[in-house]
Amino acid sequence: MALVAGTLTDPARLVAYMQEKGSSASVAAACCSRMVALAPDPSLESIAHLKAFVEAGGVQEGVRLMKEHAQRGSSVGQALSTEVLALADVQEQGCVLLMNLAGLALSGDDPCASALHDQKAAVAVVGTMNQYSEKLELVEGAMAVLMQLATLDVPGCMEAGLAEAVVRSMHSCQASGWLHFLCARTLSWCLSTGGVSVTE
């Protein structure tokens, strides 16, 4: 089923496939990855694919699958297995997709910005940071998305737990210089908008 996702070229059909088969972690990850592949750059074709994905309900579906598989990940433990790896891949690929969608929203696409807010995309991203706090690359990817989402919607990100997630990441013993930069940049933006106080 994951192989089928890799052959789809119509964003609307991809969303339908996510709805139908996304309960499989490998399929969910493959669908997110496929949508990223369909819109790899800021070309007009890529933008058209992203807009079609949003119009078909893709933001809602992507966020839903991230949250659904995060719950499953909490129950299967951390033993090295194909399922555990697939569950982590859903979060990684989901974050990459949300990054692209946030980019579309930041370019002035109001329907995409509204969908990211309404579907609480930041909640899914903060959940990834919390659940996979020991996986540096995943946290870095999620933090990069959260920085973009905060630029769009500081109140929504704060409600999702941005401040706590950022501070926790900065205090992590494995935090890299890049992660510190992303965290500091995000907090700086939130402070500049009045969305967070220095005491939080």
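Below or above, wherever it landed, is the structure these notes cover.

Conventions we followed
- Residues numbered from 1 in each chain as written.
- Predicted model: local features only at pLDDT ≥ 70, side-chain atom pairs only at ≥ 80, totals over all residues.
- Heavy atoms only, no water.
- Core = buried A, V, L, I, M, F, W, Y, C linked by side-chain atoms within 4.5 Å.
- Buried < 20%, exposed > 50% of the residue type's maximum accessible area, 1.4 Å probe, protein only.
- Helix = DSSP H or I, 4+ residues; strand = E, 2+ residues; numbered from the N terminus.
- Contact = heavy atoms within 4.5 Å.
- Polar contact = N/O pair within 3.5 Å; in protein donor to acceptor, adjacent residues only side chain to side chain.
- Expected span 1.5 Å × (residues − 1).
- Phe/Tyr/Trp six-rings, centres within 6.5 Å; stacked < 30°, edge-to-face > 60°.

Ranked by internal contacts, the top residues of the largest apolar core, which has 69 residues, are L98, L101, L116, L146, L149 and L162. Here this core takes 11 residues from helix α6 (residues 82-106), the largest share from any one element. Contacts of L101, omitting those with residues within four sequence positions, involve L50, F53, V54, V59, C112 and L116.

Within the secondary structure, H69 sits in helix α5 (residues 58-76). Taking relative accessible area as the criterion, H69 reaches 0% and is therefore assigned buried. For H69, the side chain forms a polar contact with the main-chain oxygen of G22, separated by 2.7 Å. Residues in contact with H69, not counting those within four places in the same chain, are G22, S23, S24, A25, A28, L87, V90 and Q91.

Further remarks concern α6. Given a rise of 1.5 Å per residue, 25 residues ought to cover 36 Å, and the 36 Å separating the end C-alpha atoms of α6 matches this to within 8%. Positive phi shows up at G108, right after α6, with a value of about 110 degrees.

Right, let's talk about the packing of aromatic side chains for a bit. In the structure shown here, the tally under the stated rule is 1 aromatic pair. Ring centres of W178 and F181 lie 5.4 Å apart, and the angle between their planes is 20 degrees; on these two criteria the pair is classed as stacked. Here W178 and its partner F181 are both found in helix α12 (residues 177-193), 3 residues apart, which amounts to about one turn of the helix.

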